[in-house]
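Residue-level structural notes
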Amino acid sequence: MTDATHNTARSASITFGQFLPWLVSALFLLVMPLIFPSNAALTIMNQMAITIVFALAYNMLLGQGGMLSFGHAVYMGMGGFMAMHIMNWIEFHELPIPLPVLPLLAGLFALGLAMIIGSFSTRKAGTVFAMISLGVGELIAACSVIIVAFFGGEEGVSGDRTYGLPFFGIEFIRQIEVYYLTAAWLMISAVLMYLWSRTPLGRMANAVRDNPERAEFLGYSARWVRFYSFCASGFFAGIAGGLFAINYEIVTEENLNLAQSGMILLVTFLGGAGFFFGPIIGAILFTLLQTVLSLQTEIWQLYLGILFVATVMYFPGGLAGLLMMHTIPLRLGKLHLLFVPYLKMLGPALLCVAGFVGVFEIVFHIRNAAPGDTEMTLFWITFDSHDVLPLAVSIIAALAGFWLARRVVPELSAAWTAANTPDTERLI
Amino acid sequence: MNAPDAPALELAGLRKSFGKTEIIRGVDLTIARGERHAIIGPNGAGKSTLFNLITGRYVPTSGSVYLNGQDVSGLAPYKINRLGLSRSFQITNIFPRMTVFENVRCSLLWSKGYRYSFWHMVGRSRDLTEATDAILEQINLTARRDLPAGVLSYAEQRALEIGITMAGGANVIMLDEPTAGMSHSETEYIVNLIRDVTEGKTLVMVEHDMSVVFGLADRISVLVYGEIIATGTPEEVRADPRVQEAYLGAALEAEH
Amino acid sequence: MDLVLINLIDGLVTGLLLFMLSAGLTLIFSMMGVLNFAHASFYMLGAYFAYQISTYLGFWMGLLIAPLLVGVLGALVERYGLRRVHQYGHVPELIFTFGLALLIEEAVQFVWGRDRVPYEIPEVLEFTAFTVSGFAIPAYKVFMLFISVAIFILLLWFLTRTRVGLVIQAALSYPRTVEALGHNVPLVFMGVFGVGTALAGVAGVIAGPVLSTFPGMAFVLGSIVFVTIVIGGLGSLSGALVASLLIGWLTTFAKSYNVRAEDLLNAIGISTPENLDESLWRDLWTITSPQIADILPYILMVLILVFRPHGLFGKRDA
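- If you look chain B up in an unreviewed UniProt entry, it shows as Branched-chain amino acid transport system ATP-binding protein from Jhaorihella thermophila.

- If you check an unreviewed UniProt entry, chain A appears there as Branched-chain amino acid transport system permease protein from Jhaorihella thermophila.
- The heading Subcellular location (unreviewed entry) in the UniProt record of chain A holds the text "Cell membrane".

This is the structure we're talking about:
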């Protein structure tokens, strides 16, 4: 489960292999706007970048420290509010603060808050920590409608990023400029968070997660290890908040409430909390789902909920865990054994999912469409939602897909066992 | 603070009650530096409780524990550990999801002065890597270096536990039933390992296997119902009529 | 003085309602070590089920059947969901129940829509039970009180007079013992989960008509319930009762007496700054107690955690 990078310790210098993923990521971030130059695409990519930073910060708690927080949006939101205020002060008092350092200030503000809250919330891990994070989160979210001076009430706080000092001639009017600023902060934050996980404190965070008592008998106070992780996580969440403020130029209560905290838990868990890159996958996938799926269907959150619960029940390692399960077959050179069973599974699984989607969508349409509106389009087919046939077809597809998929399971699990078993004959 | 001529460990009038039941009923014991001391006694005598009192897992009801002359009673485990006392557990207590290498490295971090550092890279500290590999060599787990600790065999996990315990360089090592649940050959292996790695250190151990105790310990204390009824060399203890009575009594009870 | 009496009754109703939820939550937590994040979602399901049943069979059948349905659903969730996740540890369990809460909210929206449903007080109870110097006490409030107390007595009887109840009690005071029984008592686990969620269902049935039945009702009350059991001390039933009543009264009194922060601050000798509108602290001066009534439980929780980390009655760590 852990992000064990084998043999890195033996070579004291950074190898090219370690460096390569970062180089590729940086290049990727650089060329993405050339492939997708539209403002809409840039907006989505910015949102992805912000979610990635936030999810990585969240995973410093959940994945690396074993702390489940239901109120981590508070640190991102507070960072965002502070960034908005600073943005407005820059404009009002003509302060010589360039826009690119705003996320850092937001991060520092969130760090301060995390130090205060963490001083009592990190005494325990597990359920107690989760409940405190929930309570504190709700408290601050509720305060946001009362303390209008800081939170701006229901309208939130808004500002204008372009009134500050130009940064080397860049005024951040164009979306592309904001993209590169966000991407730069994404790289910086991701590298720093990765390096953090390789420090003594980062390693002890893992140790405390797995066995707090043993860690105590090795000279480390589990509580202080948790506290430092919590502060660092708050800092990077604050950076995400600052980036959010720069991108959207408005921060409201919605940025720090329970729904937001739940969202980041979902993103991180779907991506896979056990690996450093898990939250990155989760953030990219979630943003895509959010933008693409929400255009297609009104009940996308229902699908998301089902996906989430199914992930917790059947793939607690998330997507990253699922991918990394294949490292053993890969190392044994037996990955090819899985291709055919996977393909055989794909058809029935898609049929089953499509069937269920059909049932949900048709029922939803019948109940929620305007009276008299019986025409609906699903999977590029237009039909009458009140007809029996489409519903019947959907139900049959769902059941047939399920039945066929179950028939492939024995073959799949046999192939899985085979792919994970080393060839003993060859060794003898 | 750290008096050079003070005994490694001194217990004075140590008592511990859980509710109304007094489990440790006034224990006085002095263990000299470099001594190998075994605590034996029938089941339920309070050996593990005594261990937990010394190492900070429990807070004494009254009485004191002195480590190298310094009062450590009631201190948190991590503070006692930093003062030079390290322990193992009766039930294997390692970091199962981390590699064997990382298990040992984590136990070295504090003593190597890294503390809560977030400005060092553990992979780039040559001293850390070398010290870790040296310990892996000592406990014969070099071949298992990069495996998750959870997949090791029971005996290997016990060896790793001992490695973790002594890695931090503590001068007082406390082992809680290090050979529990082991086969004869495994026991022999672990005993030799203990003898090697605790060379020049103070060792306090709880043990059931009498051959291990008599083979390893310089002195033995017998704990019965929360009190030490005898302390002395293996020969003295073996000859002590009270010990024979306590042990035979317990053995007879166990047979019925 | 009369207003005090009214508030005492109102607070008692709220407090007992909270207790119906926090009691089930505490029972489940003590037995299984898992905090059921979806607990308030079962409360919501109780309200929705009762509404659906009441449209066909009337309110009283809803009161009877809805909690049973919720209980059965809860037991199924334990059997086919939680038990599977249990092997991964407590944090995944908590994440599972959180996901379940999200899913139930979405499912409720899918079935009943995003707006509140017209789940109303039955006509037989739509009269004024009695008046206290001009303040009317509706009969439904008395009815809620009656049901809550009845449930409370039933729970007490169940815990002290039945075999299963005694096992559960043992679990409350000696968690390790039942841990040792461990997997030999899966039926008890399922039962406790079922009964706990059914209790939440009852609360939903009777609270639905007064607190309004809408998809967000679970999260509105849910957080307060968690705060309640943290304040009371995780795993303590008496703590849950005391904390529930405390929060019930605290919020009720804060809402009915309009205490202004300015008056309070003036009373302790701090005078109002002249240019209040420009002060950064202006909001602190204009706060009134009804405004902060809903966040008082959270403030109380933070204070308790700082000064008494185990809660009012809690003895053990979670």
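What to know about the overall build of chain A
- Across its full length, chain A carries 18 helices and 4 strands.
- Relative to its length of 428 residues, chain A is compact, with a C-alpha radius of gyration of 24 Å against a globular reference of 22 Å.
- Each principal axis of the C-alpha distribution contributes one length, and for chain A these read about 75 × 70 × 45 Å.
- Relative to its full complement of 428 residues, chain A shows a buried share of 46%.
- Excluding contacts between residues fewer than 6 apart, the proportion of contacts in chain A whose partners are at least 24 apart in sequence is 80%.

Concerning the overall build of chain B
- For chain B, the count of helices and strands is 9 helices and 10 strands.
- Taken over C-alpha atoms, the radius of gyration comes to 19 Å for chain B, in line with the 18 Å a tight globule of 256 residues would show.
- Dimensions of chain B, computed from the C-alpha atoms along their principal axes, are close to 60 × 45 × 35 Å.
- Long-range contacts, defined as pairs at least 24 residues apart, comprise 66% of the intrachain contacts of chain B with a sequence gap of at least 6.

Notes on the packing of helix α2 (residues 39–65) of chain A against helix α11 (residues 258–271) of chain A
Residue and element names in this part refer to chain A.
- Relative orientation of the contacting elements α2 and α11 amounts to 80 degrees, with a least axis distance of 9 Å. As judged from the angle between their axes, α2 and α11 are roughly perpendicular. In contact with Thr51, Phe54, Ala55, Tyr58, Asn59 and Leu62 of α2, α11 contributes Ile264, Val267, Thr268 and Gly271.

A short note on the sheet that holds strand β8 (residues 202–206) of chain B
All names here are of chain B.
- Here we have 6 strands laid out as an open sheet, ordered β6-β7-β8-β3-β9-β10, and mixed in their pairing. Edge positions in the open sheet fall to β6 (85–87) and β10 (227–232), since each of these has one partner strand only. Across the sheet, the mean angle separating the axes of adjacent strands is 15 degrees when strand polarity is ignored.
- Examined bridge by bridge, β6 and strand β7 (residues 172–176) share 3 bridges and lie parallel to one another. For Ser86, the partnering residue across the bridge sits in β7 and is Ile173.

Section: the nonpolar core
All names here are of chain A.
- Counting residues in hydrophobic clusters, the biggest one holds 262 residues, and the most contacted among them are Val53 and Ala240.
- Among the elements that line this core, the one with the most residues is helix α10 (residues 222–248), at 16 residues.
- Discounting chain neighbours no more than four positions away, the residues touching Val53 are Leu186, Ser189, Phe236, Ile239, Ala240 and Leu243.

Here's the deal with the interface of chain A and chain B
- Taken residue by residue, the interface counts 31 residues in chain A and 35 residues in chain B.
- If you list the elements that add at least two residues to the side of chain A that touches chain B, you get α7 (175–197), α8 (200–210), α9 (212–216) and α10 of chain A.
- Tallying contributions element by element places α8 of chain A first for the side of chain A that touches chain B, with 7 residues.

Some words on the interface of chain C and chain A
- Facing 42 residues of chain C, the contacting portion of chain A comprises 37 residues.
- If you list the elements that add at least two residues to the side of chain C that touches chain A, you get α3 (59–86), α4 (90–112), α9 (217–232), α12 (282–286), α13 (289–292) and α14 (296–307) of chain C.
- The element best represented in the side of chain C that touches chain A is α4 of chain C, accounting for 14 residues.
- Classifying every residue of the side of chain C that touches chain A by side-chain character gives 31 nonpolar, 5 polar and 6 charged.

With respect to the packing of helix α3 (residues 73–93) of chain A against α10 of chain A
Residues and elements named next belong to chain A.
- Interhelical geometry of α3 versus α10 gives an angle of 50 degrees and a closest axis separation of 7 Å. As judged from the angle between their axes, α3 and α10 are oblique. Crossing of α3 against α10: the hand is right-handed. Contact residues: Tyr75, Met76, Gly77, Met78, Gly79, Gly80, Ala83, Met84 and Met87 in α3; Gly234, Ala237, Gly238, Ile239, Ala240, Gly241, Gly242, Phe244, Ala245 and Ile246 in α10.
- Tallied by class, residues from the contact of α3 with α10 come to 12 nonpolar, 7 polar and no charged.

Comments concerning the sheet that holds strand β4 (residues 62–67) of chain B
Residue and element names in this part refer to chain B.
- Read from one edge to the other, the open sheet built from 4 strands follows the order β2-β1-β4-β5, with strand pairing classed as antiparallel. Of all the strands in the sheet, just β2 (21–31) and β5 (70–71) have a single pairing partner and so form its edges.
- The pairing of strand β1 (residues 9–18) with β4 spans 5 bridges and is antiparallel. Bridged to Arg15 within β4 is Ser62.

Observations regarding the environment of Ile80 of chain B
All names here are of chain B.
- As for its placement among the helices and strands, Ile80 is situated in helix α2 (residues 77–82).
- Considering only alpha carbons, one finds Ile80 and Ile194, 114 residues apart in sequence, at a separation of 22 Å.
- Beyond its immediate chain neighbours, meaning those up to four positions away, Ile80 contacts Thr55, Gly56, Leu67, Val72, Leu75 and Leu85.

Quick look at helix α3 (residues 100–109) of chain B
- The buried count for α3 of chain B comes to 10 of 10 residues, which makes it a mostly enclosed element.
- Taken residue by residue, α3 of chain B has Val100, Phe101, Glu102, Asn103, Val104, Arg105, Cys106, Ser107, Leu108 and Leu109 of chain B as its buried positions.
- For α3 of chain B, the secondary structure elements touched by its buried residues are α8 of chain A together with α4 (126–138) and α5 (154–167) of chain B.

What to know about the arrangement of the chains
- Here 2 pairs of chains make contact, and the pair sharing the most contacts is chains A and C.
- Spatially, chain B is disjoint from chain C: no contact exists, and the shortest C-alpha separation is 13 Å.

Things to note about the pairing of β4 of chain B
Residue and element names in this part refer to chain B.
- Bridge count between β4 and β5: 2 bridges; the pairing is antiparallel. Bridge pairing links Tyr66 to Asp71 in β5.
- Hairpin connection between β4 and β5: a loop of 2 residues separates the two successive antiparallel strands, and Asn68 in this loop has a positive phi of roughly 50 degrees.

Structural notes on the environment of Ser69 of chain A
All names here are of chain A.
- Mapped onto the secondary structure, Ser69 falls in the loop between α2 and α3.
- Its 27 C-beta neighbours within 10 Å are what place Ser69 among the buried residues.
- Distance from Ser69 to Phe129, taken between C-alpha atoms, is 7.1 Å for residues 60 residues apart in sequence.
- When sequence neighbours within four positions are dropped, the list of residues in contact with Ser69 reads Leu61, Ala130, Ser133 and Ser261.

Some words on the domain arrangement of chain A
All names here are of chain A.
- On domain assignment, one finds that chain A holds domain 1 (16–324) and domain 2 (327–427).
- Taking only C-alpha atoms into account, the centre of domain 1 sits 33 Å from that of domain 2.
- Each partner contributes to the interface: domain 1 provides 5 residues, whereas domain 2 provides 4 residues.
- Class assignment of the residues belonging to the side of domain 1 that touches domain 2 gives a composition of 3 nonpolar, 1 polar and 1 charged.

Conventions adopted
Residues numbered from 1 in each chain as written. Chains lettered and ligands numbered in written order. Predicted model: local features only at pLDDT ≥ 70, side-chain atom pairs only at ≥ 80, totals over all residues. UniProt positions renumbered as here; feature names shortened; annotations may be inferred. Helix = DSSP H or I, 4+ residues; strand = E, 2+ residues; numbered from the N terminus. Rg over C-alpha atoms; globule rule 2.2 N^0.38 Å. Buried ≥ 20, exposed ≤ 12 C-beta atoms within 10 Å, placed from the backbone. Contact = placed C-beta atoms within 7 Å. Axes fitted to C-alpha atoms, helices over the stretch in contact; angles between N-to-C directions. Parallel < 35°, antiparallel > 145°, perpendicular 65-115°, else oblique. Pairing = 2+ DSSP bridges. Core = buried A, V, L, I, M, F, W, Y, C linked by C-beta atoms within 7 Å. Nonpolar A, V, L, I, M, F, W, Y, C, P; charged D, E, K, R; others polar. Left-handed = near helix turned anticlockwise from the far one by under 90°. Domains from an automatic or database assignment.

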